[in-house]
Structure formats: C-alpha cells, structure tokens
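# Structural overview for review
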Protein chains: 4
Amino acid sequence: MEEKLSFVSDYMEGAHPAILKRLLETNLLKTEGYGGDAFSESARNKIRAACQSPEADVYFLTGGTQTNAVMIDSLLRPYQGVIASESGHISMHEAGAIEYGGHKVLALPHTAGKISADGIERYIIQYRNDVNHEHMVMPGMVYLSQPTEYGTLYSLDELKRISGVCRKYQISLYVDGARLAYALSCRVNDVTLPDLAALCDAFYIGGTKCGALFGEAVVIPRHGYIPHLFTMIKQHGAHYLQRDVLQGFSLIRCLPTAFMGRIGVPAIAAADAIRKALREKGYPTAYGSPTNQIFVVLDKEKAAALSEKVELGFWENADDSHVIMRIATSWATQMEDVERLTAVL
Amino acid sequence: MEEKLSFVSDYMEGAHPAILKRLLETNLLKTEGYGGDAFSESARNKIRAACQSPEADVYFLTGGTQTNAVMIDSLLRPYQGVIASESGHISMHEAGAIEYGGHKVLALPHTAGKISADGIERYIIQYRNDVNHEHMVMPGMVYLSQPTEYGTLYSLDELKRISGVCRKYQISLYVDGARLAYALSCRVNDVTLPDLAALCDAFYIGGTKCGALFGEAVVIPRHGYIPHLFTMIKQHGAHYLQRDVLQGFSLIRCLPTAFMGRIGVPAIAAADAIRKALREKGYPTAYGSPTNQIFVVLDKEKAAALSEKVELGFWENADDSHVIMRIATSWATQMEDVERLTAVL
Amino acid sequence: MEEKLSFVSDYMEGAHPAILKRLLETNLLKTEGYGGDAFSESARNKIRAACQSPEADVYFLTGGTQTNAVMIDSLLRPYQGVIASESGHISMHEAGAIEYGGHKVLALPHTAGKISADGIERYIIQYRNDVNHEHMVMPGMVYLSQPTEYGTLYSLDELKRISGVCRKYQISLYVDGARLAYALSCRVNDVTLPDLAALCDAFYIGGTKCGALFGEAVVIPRHGYIPHLFTMIKQHGAHYLQRDVLQGFSLIRCLPTAFMGRIGVPAIAAADAIRKALREKGYPTAYGSPTNQIFVVLDKEKAAALSEKVELGFWENADDSHVIMRIATSWATQMEDVERLTAVL
Amino acid sequence: MEEKLSFVSDYMEGAHPAILKRLLETNLLKTEGYGGDAFSESARNKIRAACQSPEADVYFLTGGTQTNAVMIDSLLRPYQGVIASESGHISMHEAGAIEYGGHKVLALPHTAGKISADGIERYIIQYRNDVNHEHMVMPGMVYLSQPTEYGTLYSLDELKRISGVCRKYQISLYVDGARLAYALSCRVNDVTLPDLAALCDAFYIGGTKCGALFGEAVVIPRHGYIPHLFTMIKQHGAHYLQRDVLQGFSLIRCLPTAFMGRIGVPAIAAADAIRKALREKGYPTAYGSPTNQIFVVLDKEKAAALSEKVELGFWENADDSHVIMRIATSWATQMEDVERLTAVL
C-alpha cells in the first residue's frame, strides 16, 4: 500500500546521500590518522572562499535555535534587545530561548514576513527620543531571516538599506539562514554569500534544513568581532570538538560552487511546478513566496477534503471560512509526488 | 521668585509627614528595645485584617520593578511567560527586568490600558490549539495593574471574569498595585482589598508612589502558595531584614481604615477639579481615567505655550498636530497649585 | 609514514561502523515512507525494556553539556543549587553552563572523583541548621557521574545510600552517564541500568562518547516527574524533531543486551592490558580507575620523553617533579596500538 | 524590665539621628520647590571630592546584595566569572544572586577572610595554561570586601599588589564597602577613599550598615567605564528616581571629612573596649579583626551560659568543644551596654 502524500515540512528528511557517502568514507579514514581539524579547517576555508571573506571567523553549531540563542547573546549587552519581525522564528517558535538568555525580542510589524529599513530606523529614533528611554530595552541588533518564515526574500537593495541603518546607529545585523540554500537556488534571488558577508556582522548557513545531516555554519566576516565566542558556544552547550569533524563533513559539500547552489534546485523546481498547477487550477496563494514554501488559500471544506489525500501544514486562518495551508518542498522532493499532488488538486 | 508649576509625575514627592513623624518616633524607641519584628508583624496583621485574609503571607519589598520581577519569577516555571497589556509597565518601562529573569512578556492589545477576560481566554485557547505549542512560550500567569498605566480601573465584574479565566486554566493572577491607593480613593472604584484577596493569587499594595517613604507590601492570600519566596527575594537583592522595620513603619499607616482610603483623597479631589476645569474650557481628554492621572489632548502649539508655564508629562502623539500630555496629581498636591493650573489653562 | 600514537581522548572517534551502516540503510528507507516516530519510539521502548521501566519518559538530546544544563534547570527551582563533586564536569569544564541557567554548583570535596552519602547528608544538615539558611542557596538535587571524571565507579551500595539520602530530604538524584557504556562493560561494576532506574530520578545514557554518532538518551523512570520537559529542551536549543530519527538510529543499537554491553568491551580490554603493562614496568597509577581511563604518574622528564612518541592527556601535577597523565581507550582502540604503547613504555 | 543585651548584628539599628533630622527638614523643603537633583548632585560632588575623583560616575542603589549583583553583572561578559574569597558575602550569603545573573563565583581559599595578589595571579595563570581553558569560566574580575566578612582589613600595600595583578591581566577590581565606615574609622587602617579610587575600577560606600537610612553609593572613578549602567540598575530593579533624593540625604553626611570618619568612631571605641576586656579576662579571639566585629572563642558550656544574658551571633564551630561567636558593635552602641557586657563576661 502506498504511503500518504506529504508536503507538511522541509525538515523531516534524512541527509543528502552524497553527504552520507562522504561521512562513511571519512569515518574509515579516521583510523588512517586524518585529524578532525583538517576536515573542519577545509570546510572553514571553503566557506571563507565562497563568501569572499578570507578573514572570516567560522564556527559550526548543531541547530538553529541554539545558534540564534548563542549569537544574539554574544552580540548584545545585557541591557539590549533584538529587533525582529513579529513573525520571526525567534519571536514565536523558539520556546522563549532568547528571553531565557535574558534578552527581549523587540518585535516589529511585518509585510509577508519582512521588516524594512524605515521601520527599523523609526523604532530606533522613537526609542532615542523617548524621555524614559533609559527605563526601556535598548535596541542592540537586528535579526532577519533569509528566506523569511513566509518564504519571501529580502532583495539586495532592501538588505543594503537595512545594513545602512544598522551601521548608522552602530548596532549589529545578523541573518538567520536556516533555509539559505533555498534562497540561493531561487531565480529571483539577488543576494549572494559575498553580499551577506559584506552587509552583515554575522549570519549562518543552515545545514539542518538543507540536506546536511545536521549543523549550521556561523560566519563572522570581521575576524575577532565577537571575542571568546567558543566559550559562549560551550556555555550554551552547543558545540562539540569531535562534532566539528562531522559538521565539517556535512557542510564541506554544501558550498555554493559545488553543492549549495545545487541542493536547493530540485526543491525550487518542485515548488515552481506546484505554483504553476495552483495558478492553472485557480487556487489563490499568499505572501508571494518564490522559494520552497508555498502558502495556498483554501476554503475550509476544500482543506478538509484535501487533507484526506495529502498532508499539508496549517499556517493560519485567512478569515472565518478560509485557511492558509503551507506546502513545503525540499531537496528530496520527488517529481512524481509533485504530479500526484497536482492530480489531487 | 516662584518655582515653576509641575504636574509631571506623582512619585517625586517625599514621604507623607505622618509617616516621617512615626519614623522619627520609632527610631528613638529602638534604643528602648522594641524589636523590628514587632513593628513588621503588626503591619502584616493590619494588612491581613484589611484584606480579610487572616492566613495571607505578607512580604515587604523595596520598589515596584523588583517586586514585579520577583513575583513573576516565583509564579512562573522557566518555560512559561506572563500575559500582560502591551501598555503594561512590565512590557515597556522596566528595562527588560522580566526578560532578565528569563521570561517572555506575552503582550496583548489593550483598551485604555486594560485587557479583557475574553482576550486572555482567546490567547490561551489559541496557544493550546497551535500544533506547535510545545515550541512556544506557555502562558503561565496574568499581570494586571490597578489602576492601569492609563489611569483606568478594572471593575469588580471585569476582575471577576479575568479571575475566572485564570482559575479555569489554572494559571496565576497577579495585580500590580503601585498606585492602588489612588484606585481605592476613587469614587467610581468598586474593587476593595478583600476583593483583590479573593480574586488574585498575589498582589501588592504600593507605598513608594503613594506617600510611604518607600516600600511595597506583597499579599499572597493563600498561605504557602509560593514556597521559599524569602530566598527568591534575597536572590533578587530586594529585601533587607532591618528594612522590614522601616517598611513596617511606612506601611503601617497606609491601610484602608486608617490611612490608605485617606491618602488618595486629596489627589483625586485635585484631579477631579482639574478634569472639571478642562471640560469647562473645552479641552478634550483621553482614555477616561477617573484616578489621579489625567490625559489631555493639546495641539502642538498650545502644548508648547503651556510648557512655558507648567511642566506636564509627554505621553504620546495623538496625530500629526496633537499630543497627549499627562497631568498627575498626588497626595501632596496643593489646591492652590490646582488653581494656578486652572488659571494657566 | 606512520601517524603518531594517541591515547589523548575517548571522544575523537567517529561513529561505530554498525551505527553508520544502520544510518545509511534507514536514510534510504525514509523515501519508502518509514516515519521518524517509529524509529524513535522503538528506541524508547528498547531503553524502557533495558531499564525495566515500562513507564519511563525518554528524551533524546544532542550532547552532554546541554543535557546537564537542561536537566539541572528542569529539576531545580530558581532558589536551589546542585550538589556535585568539586571534580564534577559541571563544576569545572562546562564553561559556566549551569550558572548561565541561574544555578549555583554546590561543590563538595571528593575522593578519586566520588562524593559520599555521608558528605551529602552533612552538607544538607549544615545548610538546614544555619541560622542564615534563607540567605543561602538551598541544595535541591545531587549530581553524580558514573563513571566519574577520574574513571572510578560508584558501587551499588554507595548509590543506594546516596539515593536514600536524597529521598530522605526529598531532593532529586541525577546521574550523568556520558561514559556509561564503559561502566556497564567493566567487570567490577555492579550497577545495572535497572538499578539506575530504581535509584535515580533522572539519568542519561551517553552516546556521544560511546560510539554513537552523537546523542544522549535521558531516562526519567517516573512518568511525568518533569512536566513540559520538551519545551525546556527546545528553550535550551537542544532538541530537533527530525534528529529524533537519527538519535533513534544511533541509540537503537546501544542498549545492553545488544550493544552497550559490547561496545565498551574492547575499551576495557585495552585499558586492562595497559594497566597490566604499567604494573609490570613499575609505573604507579592514581585514583584506582577500573574503566577506560588510566591515570599514570610520571616524573616530568619521563613525561616529556614519552610525549615524543605518544600523545597522552595532561591531567594535573602530582608534585613539583611529577605529573599525572591520562591514557584513554575507546571502543575503537586497536590492540596493535596498545602493543605499540607497551613497547614505548 | 530591662531588655536583653544584644551584640548580634550591626545592621539592626535605625538611621543616625542626624540623618533623620536632615530628612525631615528636606521633606518639608520639597514643597518649597527644591528639586531632587540638587540634593543628589550635591551628594555626588561631595563623594567625588572625598575620593579626589572629580570625573567619577556615582550612582545610588538601595542595598548591598543588589549592588553586588548589578556591578558584577555589568563588569563581566557572559562567559566570565568573579574571583572572590570562599568566605566572601557573594560566595555564601546572597542566595545565589550572582549565579542568578549567570555568573560563576570563582572562590579562592582565604586567610581570615582575605585573598592575596599571589593567590589571584596563580589562579589566572593556571586558567590560562589549562589546555581546556576555553571550556572553563574565564576570570573576569576580582571582588574584595573591605573590611572583610571576618572584620579584617586589606592594607594599602596588599591592595596595591592586588590592583597590580588586575591591571596586568586586564580584569576589573571591585570592592564591596558595605561596612567601609568601620574600616575608615579604624586606627590601623591605611586605605583611604582616594586610595580606593586610584586602585579600583569600582567600589561602593555602604550606607545601610553604617547609619544611613539605607543606600549604597557606587563610585566608578573613570567616567564612562561602565556604559548604560543606569539601565542595568533599572533592569535589576535597584534604582528609583525619587529615591535618589533620599539617598542623597542619607549619604550626604556620610562622607569622610564630615561624617564618615566620625560615624564609625564610637563603634570602634566600643569594640576596642570589648577586645580589652576579653584580653584581660583571658578569652581568646580569632582572625585578628581590628574593626567593629570581634570573634570570640568559647567552650560550648560557656557559650550556652552567656547566651542567657547576652545575644551574640553564632559564627562557626572551632572544634568539637568550642564555638566562635561574633560580637558586633555599631555607630549606635552605647558604652553602658559595653560595660554590662564586660560585667557579664
């Protein structure tokens, strides 16, 4: 019997076979004496090259929530908070991990998951002008996700303007790249890794949701920008010496020229095919996501009927009679599953 | 030369003369051997009697922000957050003290500073129904202020309904009474101390903003509801053995039958006189506050002109050409200053 | 050219080939529709069976430091601290991760890494009798490691007595089993998994240092003893939905009957052979460790000479002219390397 | 009937009458329009003058535990801990307030409450040389108390050497002056306020235990050394705008030339008289404290007999049959009580 079709999430996959193969090879190589350092250092160098940031500090951590918690904690002083979209992952779905570290998330309203340079600057100015601002949480950094939780992308121009505001007010800019591969693989995307390195103070290239066994690579373009980060990573329980080896393995092939540009391609192709089918069949979509997440608006009866045949993710209620459901593709999505979905629609 | 008229704040006053007098007397009595405990215990018993809560635990702390921080920290488990109005003092003006303790403020929209039983229940139900709720901060208590930051009051009926929601979902209800005396002195108020004791799990009777030298009295109607609170207070640096004596002095006279019902009376009388003058002269007010804070809407030129003669507190911009300014009276406000203000208007 | 011989650490290995093989198989099986839950649930059930704890709650986390941080945070109230050996991993080498969570480590003196029931009880009584104990950190749990950082083992009798003290004073007992496989494989060990389940409130079976790709399995024998632990794990950034699958894979074969009793065997055999060689050649050892860690006392010249040929771990200075060096074996140690080491000695 | 004689503590007194008198006068002055700022600024300037630190930042906080918590939190980065004596107030009796802020207390062994420049340097060097130091808490500051918890004093030479070590390794030096007045009034003391300002990065002049109504004055000799300290104070709930006025009152008269050199004088005179009596009657004392605390060694029967007639503070057991009891004098100690104590002895 055939399993039920599922587009509910992009992070229930195993690792990409090429990564597993490499892991298997190098696990054996270990006994021939290759040190962990060599692999990890090689991965770091590939990342530095891909980002055109030869001086960058690169760290490997194990997952997205803890990467965000560590980086926000290390970029802020205790009296500062982080500006983020109300829809940002850190605002909603990290179980208070940021507050656990003592910091307030200063949540701004968003448009399809994005916040703007103007909105950020307005917030900072309002804070500075408030006579009581010494009694308030000082904005100390900006958190963006690329792509956003709504699948949308910041354009290079938008990112430049946000970076400009951060530099003007001397606060850090940090980008959560949990699904960055799906941005980099996307035709309409115009933000490259070197752009991120030029415009941000720190960002991470996500492996866990993008085909690596697990692991996220934090890039800090200016060497030494965050002193003693290793100890803070350890303090958060987020780092393992021997795991660098594995993360080196996992990420070593994720880089743009070789892999990262490629691993997202089938996901985007599948998503584009689904978007086309939805358009042809007259289903409205929301937020205009061009990446691997599609948000389809369904009336509730239709949604209930569909759910018999295909598992989608509930996103939110559009109005009393309509829901928005998320369709997520991944590097592992099969075109025959896309065809089955199209047939079901 | 006459000093400039000021209605900018209600907490720039010294202590009420009756309290200072008592302090002076008992400071001398000390050398005759009266123990601190006797004063503090007497104060506790008067508070228990006034609240009709003979079993209540009563603690004296030194100020509002730390009282809120300690109480929220002791009422929540680490994975829980506190539901509060977006305008709540803990949301805005406590410099991240709640997040410093590791807790998220779950801010709800408000009407003139108040949140409703329905809004709270909707939030809890939405949390419970969210498929990802284990990834989110669990609502663990409700924070209200009486009067609110907008000077408005919860009615007994509103408080009963909020208390009902809290009990239905087994979360704690806590009331910040920084300006409670001004609520208790207010004609339209129908919430008494015994009502607060019956409906809340913890609340505090504010001294610092209400004529005491300093100090807040936390009341926990059910004995033992918060175990080891003393140690948590100490951990927050908020308690001093010898200060109980002083706080006992300060608060001993603040209680309803004797003092608290009285100390707010001149403040409300002054505020009512100012409200009447504003009405007669055609100045619109905002939020409908019946307590010692009045919010007057002024066009910007008028506000600038007034500020030459009287110091008011900037509250917020109403629109591009109007501002809302706060006029605050206190137990120490002189009627001749009210008359000078009326003349200026 | 031959690589340099190394016995510096037991956690620089890759994963056990059997685990990698299983990972590879199941990574492919995924596309045929096996759900993650099935694997993880199977792993949980095997752990429950091995611990003879059918009702146990079992969670998979990614590494030792964060497992300790999460468990200590969830077992304590904010005003409590954790009793541990001065030599405990949480006292020394976790970069302040426990303090980061707000808790003091109440460090007791140790004998070869171990603390005793008597020492623990004395500390608790002293705390309770202190007139200022409300100003001090209340002991709220006991942390042990089995084996300890010195490679030594608690006997069943010692563990029973410690458990008895914890139950007498109603505080939790938690055991860090980062290297538990090496205890379970050790001839002199008389503490089984069912013993741990019967005597502790929580413990973890370490995978990261014992041949699993990574991952630790927390066992809470009494179902529901720690409510909402999932959310706290998430708050600490320590948990990944899809990673359960991997951890299920990793740990599924680590259990006593099948694997765990076996994976430590070569490590102990290698360690025993090294101990025999040291004894025969007249090298004194320290602490009496029977597990996979050996502590050899060397004069400083000898240590320097040896370090040319084999990498050992510096442990501490014994006196002005002698050092204690650690020799660590692992599941992956080759007998030919043991022979090379013997020859070098 | 006469009350029982008590030398149990030096912080159960009220405020010095001169302070209360001034408070009463200025409470009335308020209504004639003196602003709070003028009083506080005057107090700040007197403190700057007394410390010969015209550029110093001066803040008023409400109590010792929170002053320590705020200052340690603001002087450290998250990955750093504070070096202190094992007997230090922050190590023992602040209910985990430092750990609550996320920092480990790195406790060193002491001699009669004091730690030494050598011991501190040894600790720092050992940390730096440890191959695992990135996994350990980095020493980020030194905490001393003057006088110590054992009533002993750092000499100017000792303080200079400790300051030298701190500057050599670029970590901050902070001195807890909860009982500083009793050091400054002590004949053998050779550390002045200008010395403290020259050698420390921050220190506080205690009011609460030294006759002020309450309040501690933090002095940061180099202006701007701790940015945004006001907001951190607020975040810890430790500061009140209107309270500055009071604290200004309290401390305005505590300064060396005027008051501080004087307020401790009767305490030291009383303590010296008691020390003389003890010596004459053959009671041994411990630790050699020259300040207002005396530690007398008593056999247990004698201690029990004495406790019928005078309340002393239990300090610790000297051996199985002897205890060490603390006798504390204060600014308010009466010579007739000293005579009654002498008679009882």
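Treat the numbers as computed from the prediction; the structure is a model and nothing was measured.

## Topic: the overall build of chain A
In terms of regular secondary structure, chain A is built from 15 helices and 12 strands. Classification of the 345 residues of chain A by burial places 63% in the buried group. Accessible surface, chain A as shown: approximately 13000 Å² in total, 51% of it carbon and sulfur.

## A look at the side chain of H236(D)
Structurally, H236(D) can be placed in the loop between helix 10 (229–235) and helix 11 (241–252). There is a polar contact of 3.3 Å between the side chain of H236(D) and the side chain of Y100(B). Setting aside its immediate chain neighbours within four residues, H236(D) contacts Q66(B), Y100(B), A69(D), V70(D) and D73(D).

## Section: empty space enclosed by the protein
Tallying each qualifying case throughout the model produces 12 cavities of 30 Å³ or more. If you add up the space inside the largest cavity, you get close to 570 Å³. Here the lining of the largest cavity is built from residues that sort into 12 nonpolar, 13 polar and 8 charged.

## Some points on the relation of the copies chain B and chain A
Least-squares fitting of chain B to chain A yields an RMSD of 0.0 Å, with the transformation described by 0.0 Å of translation along the axis and a rotation of 180 degrees. Interpreted geometrically, this transformation is the action of a two-fold axis. Here 100% of the contact residues of chain B are again contact residues in chain A; the copies associate through an equivalent surface.

## Topic: helix 7 (residues 156–168) of chain D
Residues three or four positions apart in an α-helix share a direction because the helix packs 3.6 residues into each turn. Residues and elements named next belong to chain D. Compared with an ideal rise of 1.5 Å per residue, which puts 13 residues at 18 Å, helix 7 spans 18 Å between its outermost C-alpha atoms and is within 8% of the ideal. Buried residues of helix 7: L156, L159, I162, S163, V165 and C166, and no others. Where helix 7 is buried, its residues contact helix 6 (117–129), strand 5 (138–145), strand 6 (172–177) and helix 9 (193–199). Following helix 7 by one or two positions, Q170 has its phi on the positive side, about 55 degrees.

## Quick look at the pairing of strand 11 (residues 313–317) of chain D
Residue and element names in this part refer to chain D. Bridge count between strand 11 and strand 12 (residues 322–328): 4 bridges; the pairing is antiparallel. Directly across from N317, in strand 12, lies its bridge partner V323. Joining the antiparallel neighbours strand 11 and strand 12 is a turn of 4 residues.

## Some thoughts on the state of the cysteines
All names here are of chain B. Considering all chains together, one arrives at 0 disulfides over all chains under this definition. Of the cysteine sulfurs around C200, a residue in no disulfide, the closest is that of C166, at 8.7 Å. In this structure C200 comes out as buried when scored by relative accessible area, which is 2%.

## Concerning the sheet that holds strand 5 (residues 138–145) of chain A
Residue and element names in this part refer to chain A. Ordered by their spatial adjacency, 7 strands build an open sheet running 2-8-7-6-5-3-4, and the pairing between neighbours is mixed. Looking at the sheet topology across the chains shown, the edges are occupied by strand 2 (57–61) and strand 4 (105–108). Averaged over all adjacent pairs, the angle separating strand axes in this sheet is 25 degrees, with direction ignored. Bridging between strand 5 and strand 6 (residues 172–176) involves 5 bridges; their strand directions are parallel. Within strand 6, the residue paired with L144 across the bridge is V175. On the sheet, helix 3 (residues 64–75) packs against strand 2, strand 3 (80–85), strand 5, strand 6, strand 7 (202–206) and strand 8 (216–220) and is oriented at approximately 180 degrees with respect to strand 6. In this fold helix 6 (residues 117–129) packs onto strand 3, strand 4 and strand 5, with an angle of close to 165 degrees to the strand it touches most, strand 5.

## Brief notes about the packing of helix 6 of chain D against helix 7 of chain D
Helix-helix packing is characterised by the crossing angle of the two axes and by the distance between the axes. Residue and element names in this part refer to chain D. With their axes 8 Å apart at the nearest point, helix 6 and helix 7 run at an angle of 20 degrees to one another. Between helix 6 and helix 7, the angle falls in the class roughly parallel. Seen from above, helix 6 lies across helix 7 with right-handed handedness. Between helix 6 and helix 7, the residues in contact are A117, D118, I120, E121 and I124 and R161, I162, V165 and K168, respectively. Of the residues in the contact of helix 6 with helix 7, the class split is 5 nonpolar, no polar and 4 charged.

## A few points about the environment of K4(D)
All names here are of chain D. Looking at the secondary structure, you find K4 in the segment before strand 1 (5–6). Taking C-alpha positions, K4 is 35 Å from L144, a pair spaced 140 residues apart along the chain. Discounting chain neighbours no more than four positions away, the residues touching K4 are S307, E308, K309, V310 and E311.

## A look at the sheet that holds strand 7 (residues 202–206) of chain D
Within a beta sheet, neighbouring strands are joined by backbone hydrogen bonds and run either parallel or antiparallel to one another. All names here are of chain D. Here we have 7 strands laid out as an open sheet, ordered 2-8-7-6-5-3-4, and mixed in their pairing. Only two strands of the sheet have a single neighbouring strand rather than two, namely strand 2 (57–61) and strand 4 (105–108). Strand after strand, the sheet turns through a mean of 25 degrees between neighbouring axes, direction not considered. The pairing of strand 3 (residues 80–85) with strand 4 spans 4 bridges and is parallel.

## Quick word on the interface of chain B and chain A
Every contact between the two is made by 18 residues of chain B and, on the other side, 18 residues of chain A. For the pair chain B and chain A, the two sides together bury roughly 1400 Å², of which 56% comes from carbon and sulfur. Looking only at chain B, the three residues that lose the most surface to chain A are H93(B), E99(B) and K104(B), adding up to 35% of its buried area. For the pair chain B and chain A, the number of links is 2 salt bridges. Among the ionic pairs, K104(A) bridges to E99(B), the shortest N-O distance being 2.8 Å.

Definitions and limits used
Residues numbered from 1 in each chain as written. Chains lettered and ligands numbered in written order. Predicted model: local features only at pLDDT ≥ 70, side-chain atom pairs only at ≥ 80, totals over all residues. Heavy atoms only, no water. Helix = DSSP H or I, 4+ residues; strand = E, 2+ residues; numbered from the N terminus. Buried < 20%, exposed > 50% of the residue type's maximum accessible area, 1.4 Å probe, protein only. Areas by Shrake-Rupley, 256 points an atom, 1.4 Å probe, with all protein chains shown as cover. Polar contact = N/O pair within 3.5 Å; in protein donor to acceptor, adjacent residues only side chain to side chain. Contact = heavy atoms within 4.5 Å. 1 Å grid on protein atoms, 1.4 Å probe; cavity = no way out; pocket = protein on both sides within 12 Å on 5 of 7 lines; lining within 4 Å. Points joined across faces, edges and corners; volume = space filled by probe spheres on them. Nonpolar A, V, L, I, M, F, W, Y, C, P; charged D, E, K, R; others polar. Least-squares fit on C-alpha atoms with pLDDT ≥ 70 in both. Expected span 1.5 Å × (residues − 1). Pairing = 2+ DSSP bridges. Disulfide = S-S within 2.5 Å. Axes fitted to C-alpha atoms, helices over the stretch in contact; angles between N-to-C directions. Parallel < 35°, antiparallel > 145°, perpendicular 65-115°, else oblique. Left-handed = near helix turned anticlockwise from the far one by under 90°. Buried area = accessible area lost by both parts, 1.4 Å probe. Salt bridge = Lys/Arg side-chain N within 4 Å of Asp/Glu carboxyl O.

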